[in-house]
Amino acid sequence: PSGMPSGMPSGFPSEEPSYAPSSTLSYVKLEADTEKPSYSPSSSPSYVKLEADTPFNPHAYLDSIAIQNGEEFDDDNSYQSRALKWLKENQGFWDMSKTKVRERYALACIWYATSEVPNAITKNLFSDETPRWRRGMNWMKAANQCHWAGVHCNANNEIIALDFVKGRLTGSFPVEVTLLSKLTHLDLYDNYLHNSGDEGNAWLGQLTNLKYLSYGDTYFEYDGIPTEIGLLTNLEYYEADYTMYYGSLRGEIFENLTELETLIIGGNSYMSPVPTQISALPKLKHFYIENSDVTGNLDYLNGMSSLIDHVVNGNPELGGTIPSTLPTTLKGLVMHECDISGTIPSEIGLLADMQQIWLNSNKLSGVVPSEIGEMTLLQVFNVSENNIEGSVPDSICHLTENGILESLVVDCSVSCTCCSECL
């Protein structure tokens with residue numbers, strides 16, 4: 001891909017990846033697949049002073065934790081200075097605990113750094129009009145920050161999750177979020193933030209308690225995926241698709257992400273193969289890397305013993321043949337519009353849980369194997385726009401007669417009495 005993501009990025013993997021057939025051969029996410037790690041905010045948080053929170057000077061404390069050692073406060077117009085000014089004007093500032101001072105300062109920095117702050121993206125999309133936050137309820141007003149929209153706390157009133165999905169945040173998301181030491185969930189999906197280079201990306205590696213991180217369809221710009229992501233060894237869900245990551249996939253980033261279950265990094269430009277370190281991730285269930293200029297072949301699928309669904313369509317430099325030993329856990333396989341050749345292996349019939357297969361617009365040859373008829377859960381099979389010959393076996397037609405296989409699409413040169421259509 002070139003340039004920026006589209007003006008209004010769409011889609012959010014809150015539902016399971018589904019590859020429902022359409023005239024444009026696009027997919028939407030399937031039901032029950034990409035589950036997000038959950039957090040358990042208290043039902044009605046009210047601040048509880050922790051044992052370690054003893055009386056102190058809050059102003060001196062802020063100087064001690066400031067990211068730039070207090071130099072950021074020299075500029076009265078910096079978002080940090082504005083956050084400090086607001087915090088000092090809070091009733092009870094001098095009686096706050098360290099936890100409350102630190103967390104309220106971090107949140108105020110987020111507000112002043114991302115609320116109606118123009119950047120290159122907003123100027124390109126909206127000219128001189130900068131969007132306002134969509135969900136700012138109670139922000140910068142309520143006494144308890146755990147009551148602010150999108151802020152979730154644990155039983156001790158420590159912030160554990162920030163949810164800014166489609167929040168129309170602008171400016172650049174600030175490094176001060178790293179002051180939230182208990183944060184396990186950060187969701188910035190579909191915003192107008194522009195975080196560029198080391199300054200805008202490197203701090204991600206400091207959020208080492210994160211289990212869930214999403215900034216898909218948001219404008220994070222870097223030379224590939226930042227190496228600092230490799231420090232987030234607790235990550236279970238990582239979504240950075242359709243950002244502005246243009247550079248090679250570096251295998252070492254993924255080497256220690258052994259808890260990762262969902263990896264969504266499509267819509268960028270990597271111009272490199274899928275590294276073996278991704279193949280070796282023991283818990284990886286959902287892997288999306290469509291439209292990403294991926295090169296090489298499909299050998300990386302060997303050994304991915306937990307994989308449930310894989311989306312890799314729209315990579316015309318991705319070639320080779322379909323491995324005969326695909327992960328037996330697969331339910332969805334989407335690899336249309338690539339450069340895959342050879343025949344469809346008969347062993348594909350062993351994938352008993354398979355629900356959808358999209359192989360259209362490749363260079364496949366040979367016949368449709370009868371073993372596909374053994375896939376009793378198969379709902380979609382599309383092998384059109386290839387070089388397939390012969391006829392569709394009766395065993396596959398029986399799936400359509402039983403109402404299981406809802407969409408069966410092949411080349412028009414293939415003889416088929418039960419197909420939905422031919423292309």
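None of the values given here were measured: they were computed from a predicted structure.

A. Summary view of the confidence of the model for the protein. Considering every residue of the protein, the mean pLDDT works out to 89; 87% of them sit at 70 or more. Predicted confidence is poor over residues 1-28, with pLDDT under 50, and the contacts of this stretch with residues over four places away or in other chains come to 98 contacts. The low-confidence segment residues 41-53, where pLDDT is below 50, has 26 contacts with residues more than four positions distant or belonging to other chains.

B. The sheet that holds strand S4 (residues 194-196), seen in detail. Spatially, S4-S6-S8 is the arrangement adopted by the 3 strands of the open sheet, whose pairing is parallel. The outermost strands of the open sheet, each flanked by one partner alone, are S4 and strand S8 (244-245). Bridging between S4 and strand S6 (residues 219-222) involves 3 bridges; their strand directions are parallel. Paired with Asn195 across the two strands is Phe220, which belongs to S6.

C. Quick peek at the pairing of strand S15 (residues 363-366). Both strand S13 (residues 341-342) and S15 contribute to a ladder of 2 bridges, which runs parallel. For Gly342, the partnering residue across the bridge sits in S15 and is Leu364. For S15 and strand S17 (residues 387-388), the ladder comprises 2 bridges, and the chain directions are parallel. The residue of S17 that forms the bridge with Ser365 is Asn387.

The rules behind these values
Residues numbered from 1 in each chain as written. Predicted model: local features only at pLDDT ≥ 70, side-chain atom pairs only at ≥ 80, totals over all residues. Heavy atoms only, no water. pLDDT = per-residue confidence, 0-100. Contact = heavy atoms within 4.5 Å. Pairing = 2+ DSSP bridges. Helix = DSSP H or I, 4+ residues; strand = E, 2+ residues; numbered from the N terminus.

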